[in-house]
Amino acid sequence: MTASGTSVTACLLLLLAAASANSPCPTCDPLAPREAKHLWQVESKNGLLNGELVKGADSIEYYSFKGIPYAKAPLGELRFRNPQPAEPWHGSVRPALAEGSKCVQIAVPSMQPEGAEDCLFLNVYSRWLGPAKLPVMVYIHGGGFVYGSGTLAENGPEFLIYHDVVLVTLNYRLGAFGFLNLDNDDIPGNMGLKDQVLALKWVQENIAAFGGDPSKVTIFGNSAGAVSVHYHTLSRASQGLFRAAIMQSGNALANFGYQETHLDMAKRLSEQLGEKAAGSDKAKIAETLRRASSKEILNANLAMIQADPQLQLGLPAFCPSPERRAAGAQSKFLTRDPESLVRVPEVAAVPTIAGLSGNEGHFAFAFGGLAGKPEVVAALKQNPALLLPTNLTPFPDTVKVLGLNGKPALSAEQAARVGQDLKDEYKLDGDNAGFIQFYGDLFTAMPTHRLVNLSLAHHGPEAPLFLYHFLEDGDYNWGKVSFGVSSKEATHTDELGYLMRITSPATFPTQTLFDQNAASSRTLCSLTKLWTNFAKVSNPLLEGWEPADARAAALAAPYAKLSADTLGRLGEGLGGKAMALWDRVFALTRTNSN
């Protein structure tokens, strides 16, 4: 489809017509007669795989290949190490009929341990296994780098693949298992991001066998998944593995997306496991952590959170961190802090969609349990400077890039002034509405605004940057249903219910593409069409939705309002007028006049 093709507003009629045509692939003949529950065989580079043809939501039929290993199990000496490609199984057929285990994690919101360390699996869903090569979408799940998975219950493929794309979902290591970093070859750091790189390499080598085109791969993700996507657009390790990116409510400039305290976090985890004498001895820390069971590590991580108010407010103990060690056997993924990479890229920009979902603060407020902590909220409203992000003080690589003298930080007087400005801007002396907006801006809106501000110059005609604000408040708002948010507006993760078929939690409503009288179904139809258009031609093909212009400031950059009622309307300055204050705050620590 080209820019002159059918508009998104006609999406529903097209889907209804395609449904009545009863074809697995509306643009091509089926590979063979459809047969429910029939096994289908595909030859991957590692060996034969048995998948199946299934009938899913809205009677959409597709080929399903689940639980495909893309890496060796990271067990024993491979725990905390860079991933290694999976061993082949030539001479036998591997069943791909059941999902592999989730990675080790504390489930949310149950807070119960689940998963296994042998978890590096991916899933492939396609409506076509023939020679026609469809665009490929690789979804990287969110969850703050501590929970989540690529499971079918949370990432059902029907609504996206209906538009003739191949969908890949995957697991990657989480928490300490994926992001512990001792800055040496033994525990090199960023293993979870390197897992994703290996999965993307698997896609390049194998996706043609599933009807996909390896030259047309789009990566997309939400929250920590969006942070991951952003890192892949910045890292040399990921170049050539995709051609476009979608970042939903997150990027590497977010406070939860990067840390320089990784060595301290490793030491604290070791101490929680009983190794008080290790101090900063990396060998002893590594020995302690390899000796512990996965459950013991999870419990130690929980104890760290309970002892640290900052971690209780949602900052992960383990997340992406710099790899500044000397050259060694373990390859690096992240060699500089993300702001320095955005300001001075090492790789060319790619076509990108980036945006927000409603008022992001409702989710953050609920997820952090702040509704039940009025005394904490009152203290933070009185002194909002306590919540200023760690990257307000520039990290060492950004200091060098900007040519700053020393490491500028806010003086006590400046911090007090900033705190008062925040109280005035967000009306923090009133009810919680202003605080929730402030919390959401801090969480994702402000980092997204900064991304636009710092990267616009790198996004020319060959790498357009499309901005959006998801505003639908309907039946399929996943975050609101999952976390009991009762606000009258969309919030963080809500758009997932309009992209994926979701059956978890069990209280989530049954989704459908085909109820043209329901706003939620119309939005599901439109959003999946926009995202798959982008995967096909690097443009969402919504009339009036133009990319941000590198000649304009972020405060004036256009964005599309996405909901059943607002589709096609544009706004200016994603994040709103408060972003001007954040620009002034960050400028305080990025000049030599401080």
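Since this is a predicted model, take the numbers as computed values, not measurements.

## Quick notes on the pairing of strand E9 (residues 166-170)
Buried residues dominate E9, accounting for five of its five residues. The alternating pattern of E9 places Val166, Val168 and Leu170 and Leu167 and Thr169 on opposite faces, both of which are buried. Summarising the sheet, strand E7 (residues 121-126) and E9 pair through four bridges and their orientation is antiparallel. Paired with Asn123 across the two strands is Thr169, which belongs to E9. Of the strand pairs in this sheet, strand E8 (residues 134-140) and E9 are connected by four bridges, and their pairing is parallel. Bridged to Val136 within E9 is Val166.

## Considerations on helix H12 (residues 374-382)
Three- or four-residue spacings in an α-helix give side chains the same orientation, since the helix completes a turn every 3.6 residues. Listed as buried for H12 are Val377, Leu380 and Lys381. Buried residues of H12, viewed axially, fall in a sector of 100 degrees; they line one side. Within H12, the exposed residues directed more than 90 degrees away from the buried face are Glu375 and Gln382.

## Section: the environment of Asn383
Relative to the assigned elements, Asn383 resides in the loop between H12 and helix H13 (396-402). The partly exposed category is assigned to Asn383, whose relative accessible area is 35%. As for Asn383 and Leu422, which are separated by 39 residues in sequence, their C-alpha atoms are 9.1 Å apart.

## Here we look at the confidence of the model for the protein chain
Chain-level pLDDT for the protein chain is 91 on average; 93% of the residues reach the 70-or-more range. Per-residue pLDDT stays below 50 along residues 12-36; that stretch engages in 43 contacts with residues further than four places along the chain or on separate chains.

## Focus on the packing of aromatic side chains
Enumeration over the complete set of coordinates arrives at 25 aromatic pairs. Ring geometry for Phe367 against Phe483: centres 5.8 Å apart, planes inclined by 70 degrees, an arrangement best described as edge-to-face. Taken together, the residues span a long stretch of sequence, with Phe367 in helix H11 (residues 361-367) and Phe483 in helix H16 (residues 478-483) at a distance of 116 residues. When its relative accessible area of 37% is taken as the criterion, Phe367 is described as partly exposed. Connected via pairs of aromatic rings, a cluster forms that spans Phe365, Tyr426, Phe435, Phe438, Tyr439 and Trp582. Its guanidinium or amino end placed over the ring of Trp89, Arg94 lies 5.6 Å from that ring's centre, counting from NZ or CZ. Above the plane of the ring of Phe586 lies Arg450, whose end atom (NZ or CZ) is 3.9 Å from the centre.

## Concerning the domain arrangement of the protein chain
Note on interface size: it is often stated as the accessible area lost on association of the parts. Here the protein chain is partitioned into domain 1 (39-339) and domain 2 (351-592). Between the C-alpha centres of domain 1 and domain 2 there is a distance of 24 Å. Tallying the contact residues gives 51 residues for domain 1 and 59 residues for domain 2. Both sides of the domain 1 and domain 2 interface together cover about 4,600 Å² of buried area, and 58% of this is carbon and sulfur. The largest per-residue losses of area from domain 1 upon contact with domain 2 belong to Phe159, His163 and Glu339, which jointly make up 15% of the total buried on that side. Our count for the contact surface shared by domain 1 and domain 2 stands at four salt bridges. One salt bridge in this structure joins Arg324 and Asp397, with 2.7 Å as the shortest N-O distance. On inspection of domain 1 and its partner domain 2, the count reaches 28 residue pairs in polar contact (both at pLDDT 80 or more). Going through the elements one at a time, E8, helix H2 (158-161), strand E10 (212-222), strand E11 (244-248) and helix H9 (309-312) are the ones with two or more residues in the side of domain 1 that touches domain 2.

## As for unusual backbone geometry
The residue after Ser504, namely Pro505, is reached through a cis peptide bond having omega 5 degrees. Along the chain, the position of Pro505 falls in the loop between H16 and helix H17 (519-537). Located in the positive-phi region is Ser223, a residue other than glycine, with phi close to 60 degrees. Positionally, Ser223 belongs in the loop between E10 and helix H5 (224-234). If you check the backbone angles, Ser538 has positive phi at about 60 degrees while not being a glycine. As for its placement among the helices and strands, Ser538 is situated in the loop between H17 and strand E14 (558-562). Note on Ser538: relative accessible area 16%, which makes it buried.

## Examining the state of the cysteines
Considering all chains together, one arrives at one disulfide under this definition. The disulfide bridge from Cys103 ends at Cys119, spanning 2.1 Å between sulfur atoms. Residues Cys103 and Cys119 are joined by a disulfide whose S-S torsion is about 85 degrees; by sign, that bridge is right-handed. Placement of the pair is Cys103 in the loop between strand E4 (93-95) and strand E5 (105-106) and Cys119 in the loop between strand E6 (113-114) and E7, with a sequence separation of 16 residues. Judged by relative accessible area, which is 2%, Cys103 ranks as buried. In this model Cys319 remains outside any disulfide bridge; the closest cysteine sulfur is found in Cys103, 17 Å from its own.

## Quick word on the pattern of salt bridges
Considering all chains together, one arrives at 25 salt bridges under this definition. Between Glu323 and Lys194 there is a salt bridge whose closest N-O contact spans 2.8 Å. You can see Glu323 sitting in the loop between H9 and helix H10 (338-343) and its partner Lys194 sitting in helix H4 (residues 191-206), a full 129 residues away along the chain. Both residues of the pair, Glu323 and Lys194, belong to the buried class. Between Glu260 and Arg324 there is a salt bridge, and its shortest N-O distance comes to 2.8 Å. One end of the pair, Glu260, is in the loop between E11 and helix H6 (262-272); the other, Arg324, is in the loop between H9 and H10, with 64 residues separating them in the sequence. Here the salt bridges share partners, and the residues they tie into one network are Glu77, Arg81, Asp186 and Arg290.

## Brief notes about the side chain of Glu472
Within the secondary structure, Glu472 is located in the loop between strand E13 (465-470) and H16. Put simply, Glu472 is tucked away with no salt bridge, and the nearest opposite charge, on Arg522, sits 7.1 Å away. Polar contacts involving the side chain of Glu472 include one to the side chain of Thr523, which spans 2.6 Å. Every residue in contact with Glu472, bar those within four places of it in the chain, is listed here: Asn477, Ala490, Tyr498, Ala519, Thr523, Leu562, Ser563 and Ala564.

## Let's talk about the nonpolar core
Within the largest apolar cluster, 125 residues are counted, with the highest numbers of intra-cluster contacts made by Phe65, Val124, Phe210, Phe435 and Trp582. The dominant element in this core, judged by the number of residues it contributes, is helix H15 (residues 432-455), at 11 residues. For this core, the two domains that each supply at least three residues are domain 1 (39-339) and domain 2 (351-592). Residues in contact with Phe210, not counting those within four places in the same chain, are Val42, Leu49, Phe65, Ile68, Val124, Ser126, Trp128, Leu129, Val166 and Trp202.

Reading the values: the criteria
Each chain has its residues counted from 1, running along the sequence as written. Per-residue local features are limited, in this predicted model, to residues with pLDDT of at least 70; the limit for side-chain atom pairs, both in listing and counting, is 80 or more; totals at the level of whole chains, interfaces and linings are taken over all residues. Water and hydrogen atoms play no part in the side-chain values, which are based on all heavy atoms of the structure. Burial classes: relative accessible area under 20% of the type maximum marks a residue as buried, over 50% as exposed, and values in between as partly exposed (1.4 Å probe, protein chains only). What counts as a helix is a DSSP run of H or I of at least four residues, what counts as a strand is a run of E of at least two, and both are numbered from the N terminus. Here, any two strands with at least 2 DSSP bridges between them count as paired. Within this analysis, the arc is defined by the directions that extend from the helix axis to the C-beta atoms. One number per residue, pLDDT, summarises how confident the predictor is, and it ranges from 0 to 100. We call two residues in contact whenever any of their non-hydrogen atoms come within 4.5 Å of each other. Within 6.5 Å between ring centres, the rings of Phe, Tyr and Trp (the latter by its six-membered ring) count as paired, and their orientation is classed by plane angle as stacked under 30 degrees, edge-to-face over 60, tilted in between. We call a charge positioned over a ring when the NZ of a Lys or the CZ of an Arg lies within 6 Å of the ring centre and within 35 degrees of the ring normal. Residue ranges labeled as domains rest on an automatic or database domain assignment. As a working definition, buried area equals the accessible area (1.4 Å probe) given up by two parts on being put together, with both sides summed. The term salt bridge refers to a pairing of a side-chain nitrogen on Lys or Arg with a carboxyl oxygen on Asp or Glu at a separation within 4 Å. For the purposes of these results, a polar contact is taken to be a pair of N or O atoms within 3.5 Å, where, inside protein, one atom must be able to donate a hydrogen and its partner to accept one; residues adjacent in sequence count only when each atom of the pair is a side-chain atom. Criterion for a disulfide: a pair of cysteine sulfur atoms at a distance within 2.5 Å. Think of it this way: Lys and Arg go in the positive column, Asp and Glu in the negative one, and His and the chain ends go nowhere. Here the nonpolar core consists of buried residues drawn from Ala, Val, Leu, Ile, Met, Phe, Trp, Tyr and Cys, with membership extended through side-chain atoms lying within 4.5 Å.

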